[in-house]
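Listed below are the residues making up each chain.
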Amino acid sequence: QVQLVESGGGLVQAGGSLRLSCAASGLSFSSCVMGWFRQAHGKEREFVAAISRGGASTTYGDSVKGRFTIFRDNAKNTVYLQMNVLKAEDTAVYYCAAAWTSSHNTQDYGYWGQGTRVTVSS
């Protein structure tokens, strides 16, 4: 069965850093585009970052450019999101997801993790 399991969320002070991990199983990880999305309470799910199959190409949502970095280790079937200079508005549940094509659209991602909560305090 396909499983995506996020970890690394927690409480952090504004200006701090946090690294999220997403471990995948039950799929051909290196064949999938991987993405990170987030959803704040009462808000729509928002695109954060995506990375190509081999990891050579990355894209980011405007709100996180210059602060967040997505990277992957295909040997470990894991994708990461390094979050720096965190702001209160980054507070959300963060989800990793797998897609068969490059996309910023939630509808193009067929598999989703359960999410990990990130809270940034000021």
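Here is a short report on the structure shown in this document. Since the model is a prediction, treat every value here as computed from it, not as a measurement.

## Some thoughts on the overall build of the protein
Working step 1: Secondary structure assignment for the protein yields zero helices and eleven strands.
Working step 2: Along the protein, helices (α) and strands (β) appear in the sequence β-β-β-β-β-β-β-β-β-β-β when read from the amino end.
Working step 3: Computed over its C-alpha atoms, the radius of gyration of the protein comes to 13 Å, within 12% of the 14 Å expected for a compact globule of 122 residues.
Working step 4: In terms of principal-axis extent, the alpha carbons of the protein reach across some 40 × 30 × 25 Å.
Working step 5: By residue count, 44% of the 122 residues in the protein fall in the buried class.
Working step 6: A separation of at least 24 residues holds for 57% of the contacts in the protein among residues at least 6 apart in sequence.
Working step 7: If you sum the accessible surface of the protein, you get close to 6,200 Å²; carbon and sulfur atoms cover 45% of it.
Working step 8: Here the protein contributes 11 positively and 8 negatively charged side chains, and the mean placements of these two sets differ by 4 Å.

## Digging into the state of the cysteines
A covalent bond between the sulfur atoms of two cysteines is what we call a disulfide.
Working step 1: Within the structure shown, the criterion is met by one disulfide.
Working step 2: There is a disulfide in this structure between Cys22 and Cys96, and the S-S distance comes to 1.8 Å. Judged by the torsion about the S-S bond (45°), the Cys22/Cys96 disulfide is right-handed. Pair noted here: Cys22 is in strand β3 (residues 18-25) and Cys96 is in strand β9 (residues 92-99), with a separation of 74 residues, a long-range link.
Working step 3: On the basis of relative accessibility, which here comes to 0%, the residue Cys22 falls in the buried class.

## Observations concerning the packing of aromatic side chains
Working step 1: Here the structure, examined in full by the defined rule, presents six aromatic pairs.
Working step 2: Their ring planes at 75° and their centres at 5.6 Å tell us that Phe37 and Phe47 sit as a pair that is edge-to-face. Taken together, the residues Phe37 in strand β4 (residues 33-39) and Phe47 in strand β5 (residues 46-51) connect sequence positions ten residues apart. The residues Phe37 and Phe47 share a single accessibility class, namely buried.
Working step 3: When the ring of Tyr95 is compared with that of Trp112, the centres are 6.5 Å apart and the planes differ by 80°; the resulting orientation is edge-to-face. Taken together, the residues span a long stretch of sequence, with Tyr95 in strand β9 and Trp112 in strand β10 (residues 109-112) at a distance of 17 residues.
Working step 4: On the basis of relative accessible area, Trp112 is assigned to the partly exposed category, the value being 28%.
Working step 5: Through pairs of rings, three or more aromatic residues link up here, namely Phe37, Phe47, Tyr95, Tyr109 and Trp112.
Working step 6: Note that Arg45 overlies the ring of Tyr95, its terminal NZ or CZ placed 3.9 Å from the centroid.
Working step 7: Directly above the aromatic system of Phe29 lies the positively charged group of Arg72, at a separation of 4.5 Å from the ring centroid.

## Brief notes about the pairing of β9
Working step 1: Counting buried residues along β9, eight of its eight residues qualify, which places the element largely inside the surrounding structure.
Working step 2: Pairing geometry for β4 and β9, over seven bridges, is antiparallel. Paired with Arg38 across the two strands is Tyr94, which belongs to β9.
Working step 3: Both β9 and strand β11 (residues 116-121) contribute to a ladder of three bridges, which runs antiparallel.

The rules behind each value
- Going along each chain's sequence as written, the residues are numbered from 1 onward.
- With pLDDT at 70 or above as the cut-off, local features in this predicted model cover only qualifying residues; side-chain atom pairs require 80 or more to be listed or tallied, and sums for whole chains, interfaces and linings still use all residues.
- Side-chain descriptors were evaluated using all non-hydrogen atoms of the structure, hydrogens and water having been removed beforehand.
- Helix numbering and strand numbering both begin at the N terminus, where a helix is a DSSP run of H or I of at least 4 residues and a strand a DSSP run of E of at least 2.
- As defined in this context, the radius of gyration uses C-alpha atoms, and a globule is described by 2.2 Å times the residue total to the power 0.38.
- Think of it in three bands: with a 1.4 Å probe and only protein chains considered, a residue is buried below 20% of the maximum accessible area for its type, exposed above 50%, and partly exposed in between.
- Contacts are assigned to residue pairs that have any heavy atoms within 4.5 Å of one another.
- The Shrake-Rupley method, run with a 1.4 Å probe, gives the accessible areas here. Residue values count only the displayed protein chains as cover.
- Charged-residue counts in this description rest on Lys and Arg as positive and Asp and Glu as negative, His and the chain ends being excluded.
- Where a charge lies is defined by one atom per residue type, namely NZ (Lys), CZ (Arg), CG (Asp) and CD (Glu).
- Note on terminology: disulfide denotes any pair of cysteine sulfur atoms within 2.5 Å.
- Between the rings of Phe, Tyr and Trp (Trp by its six-membered ring), a pair exists once the centres lie within 6.5 Å; its type follows the angle of the planes, with under 30 degrees stacked, over 60 edge-to-face, and the other angles tilted.
- Placement of a positive charge over a ring is assigned whenever Lys NZ or Arg CZ falls within 6 Å of the ring centre and within 35 degrees of the normal to the ring plane.
- Being paired, for any two strands, means DSSP has found at least two bridges between them.

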